[in-house]
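# Summary of the model geometry
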Amino acid sequence: MTKEQFLLIDRANNLLLEDCVTAAGQPMVPAETTAAIGDDRRFGIWVPEFAEKYGYDPVPELTKIGYASGVQDTTKESIETFEGCKEKMSQELLPVLLPNLAGTSSPVQKGLDESKSQAAASSDWKQAREDWFECQEANGLKPRRADNQWGPELPDDREGQIRIASQDVACKTEVRLVQRLGDVLARFQSEYIGKNHAALIAEQKKRDEVLAKADQVVSSYGS
C-alpha cells in the first residue's frame, strides 16, 4: 500500500468519525495526517547531493503529503466524544492495511519480515556490509556494526556530520551497497512470493476492496 492510499483510508475514517462527533453536538477534534514520500532509508542515506546538503537530517525536498481537519480549540468533552465514537464505530471504520504497521500479521508483513531476516543472515548481505565497513575505516570513519545501524559514528557538530555523511555515501556508492543489498532482499522476497502466491492475491483483493470503500466515502463528502 502506498502512502497516498494510507492517507485516503485515514481521511475516510476521519470523515465517518466527524459525523458521529458532530451528531453528538461536539466539534471534531483536530485530525492531521502526513506521510513523507520518497525518503527510502532502508540502508541509510545514499543520495550524494542530499548528504552534502543535509547530512543525516530529513530532506525537505521530499515533501510531505497529508491533510488536516477538525478545529484547533477542543474541549475535554469533544475528545471524550471522539474516543467514544472510535469505540462505537470500531466495526465500521476501514482497516489501515499498512504492511509495516505494528501488530499486523498479514501475509505481506510476514513476507517482509521473513525475507529481511533471511537476507540479513546471508553471506552476500554480510559481505556487502563488510566491504562498506572497510571503506569507512579506510577513510578515517568509525563504523557502527550492529545490524540495525546504517551509518558511522558521528561528531556533535553539524559541519562534521555533513562531512561524514558525504564520505559514508561515497563508500556506499563505491562498494555498491544499496544495489547489492537490494538484490539480496529481492531474491528472498521473490522466493516468498512464489510460495505464498494465493495468500498474497487474497490480501491484494482485500486491500482493493478497502480502497474502493474509502474512495467512495471521501467522494460522497466532496473531499
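For the structure given in this document, a descriptive report is provided here. Remember, it's a predicted structure, so these values are computed and weren't measured experimentally.

Within the protein chain, the secondary structure is distributed over eight helices and two strands. In the protein chain, the succession of α and β elements from N to C terminus is α-β-α-β-α-α-α-α-α-α. Evaluated residue by residue, the protein chain yields a buried proportion of 35% over its 223 residues. Here the contacts in the protein chain between residues at least 6 apart in sequence split such that 74% fall between residues at least 24 apart. Element-wise, carbon and sulfur atoms account for 50% of the exposed surface of the protein chain, whose accessible area totals about 13,200 Å².

With that out of the way, let us pick up the packing of helix 4 (residues 107–121) against helix 7 (residues 177–195). The N-to-C vectors of helix 4 and helix 7 enclose an angle of 135°; their axes lie 8 Å apart at closest approach. In terms of axis orientation, helix 4 runs oblique to helix 7. Remark: the crossing between helix 4 and helix 7 carries right-handed chirality. Residue-level inspection shows Pro 107, Lys 110, Gly 111, Leu 112, Glu 114, Ser 115, Lys 116, Gln 118 and Ala 119 of helix 4 in contact with helix 7, the latter providing Val 184, Leu 185, Phe 188, Gln 189 and Tyr 192. Looking at the contact of helix 4 with helix 7, its residues break down into seven nonpolar, four polar and three charged.

Attention now moves to the packing of aromatic side chains. Tallied over the entire structure, the rule returns five aromatic pairs. What links up through ring pairs into an aromatic cluster is the set Phe 43, Trp 125, Trp 132, Phe 133 and Trp 150. Here Arg 129 stacks its cationic end above the ring of Trp 150, 4.5 Å away from the centre of that ring.

Quick look at the pattern of salt bridges now. Counting across every chain of the model gives nine salt bridges. The shortest N-O distance in the salt bridge between Arg 180 and Asp 131 comes to 3.0 Å. Taken together, the positions of Arg 180 in helix 7 and Asp 131 in helix 5 (residues 123–138) put the pair 49 residues apart, joining distant regions of the chain. Classification of Arg 180 by relative accessible area gives partly exposed; the value is 22%. Across the pair Glu 137 and Arg 145 runs a salt bridge whose closest N-O atoms are separated by 3.3 Å. Glu 137 gets classed as partly exposed once you look at its relative accessible area, which sits at 43%. Within this structure, Glu 130, Glu 137 and Arg 145 form a network of salt bridges that share partners.

In the Ramachandran plot, Arg 176 falls in the positive-phi region, its phi being about 55° despite a non-glycine side chain. Inspection of the secondary structure assignment puts Arg 176 in the loop between helix 6 (158–174) and helix 7.

In this model, helix 4 (15 residues) spans 21 Å end to end at C-alpha, consistent with the 21 Å of a helix rising 1.5 Å per residue. Three or more residues of helix 4 are buried, namely Gln 109, Gly 111, Ser 115 and Ala 119. Along the axis of helix 4, the buried positions cluster into a sector of 160°, meaning they face one direction only. The secondary structure elements touched by the buried residues of helix 4 are helix 5 and helix 7.

The next subject is helix 5. In this model helix 5 runs 22 Å from its N-terminal to its C-terminal C-alpha over 16 residues, within 8% of the 22 Å that 1.5 Å per residue would give. Buried within helix 5 are the following residues: Trp 125, Ala 128, Arg 129, Trp 132, Phe 133, Cys 135 and Gln 136. Down the axis of helix 5, the smallest arc covering the buried residues is 160°, so these residues share one side. Exposed and oriented more than 90 degrees from the buried face of helix 5 are Ser 123 and Ala 138. Where helix 5 is buried, its residues meet helix 4, helix 6 and helix 7. In the stretch just after helix 5, Gly 140 is the one whose phi turns positive, near 80°.

Right, let's talk about the state of the cysteines for a bit. Across all of its chains, the model carries two disulfides by this definition. Residue pairing for Cys 135: its cysteine sulfur links by disulfide to Cys 171, the two sulfurs lying 2.2 Å apart. Taking the sign of the S-S torsion, -80° for the link of Cys 135 and Cys 171, the bridge is left-handed. With Cys 135 in helix 5 and Cys 171 in helix 6, this pair connects stretches of sequence that are 36 residues apart. Sequential numbering of the bridged cysteines in the protein chain gives the disulfide pattern 1-2, 3-4.

Procedures and definitions
Residues numbered from 1 in each chain as written. Predicted model: local features only at pLDDT ≥ 70, side-chain atom pairs only at ≥ 80, totals over all residues. Heavy atoms only, no water. Helix = DSSP H or I, 4+ residues; strand = E, 2+ residues; numbered from the N terminus. Buried < 20%, exposed > 50% of the residue type's maximum accessible area, 1.4 Å probe, protein only. Contact = heavy atoms within 4.5 Å. Areas by Shrake-Rupley, 256 points an atom, 1.4 Å probe, with all protein chains shown as cover. Axes fitted to C-alpha atoms, helices over the stretch in contact; angles between N-to-C directions. Parallel < 35°, antiparallel > 145°, perpendicular 65-115°, else oblique. Left-handed = near helix turned anticlockwise from the far one by under 90°. Nonpolar A, V, L, I, M, F, W, Y, C, P; charged D, E, K, R; others polar. Phe/Tyr/Trp six-rings, centres within 6.5 Å; stacked < 30°, edge-to-face > 60°. Lys NZ or Arg CZ within 6 Å of the ring centre and 35° of its normal. Salt bridge = Lys/Arg side-chain N within 4 Å of Asp/Glu carboxyl O. Expected span 1.5 Å × (residues − 1). Arc of directions from axis to C-beta. Disulfide = S-S within 2.5 Å.

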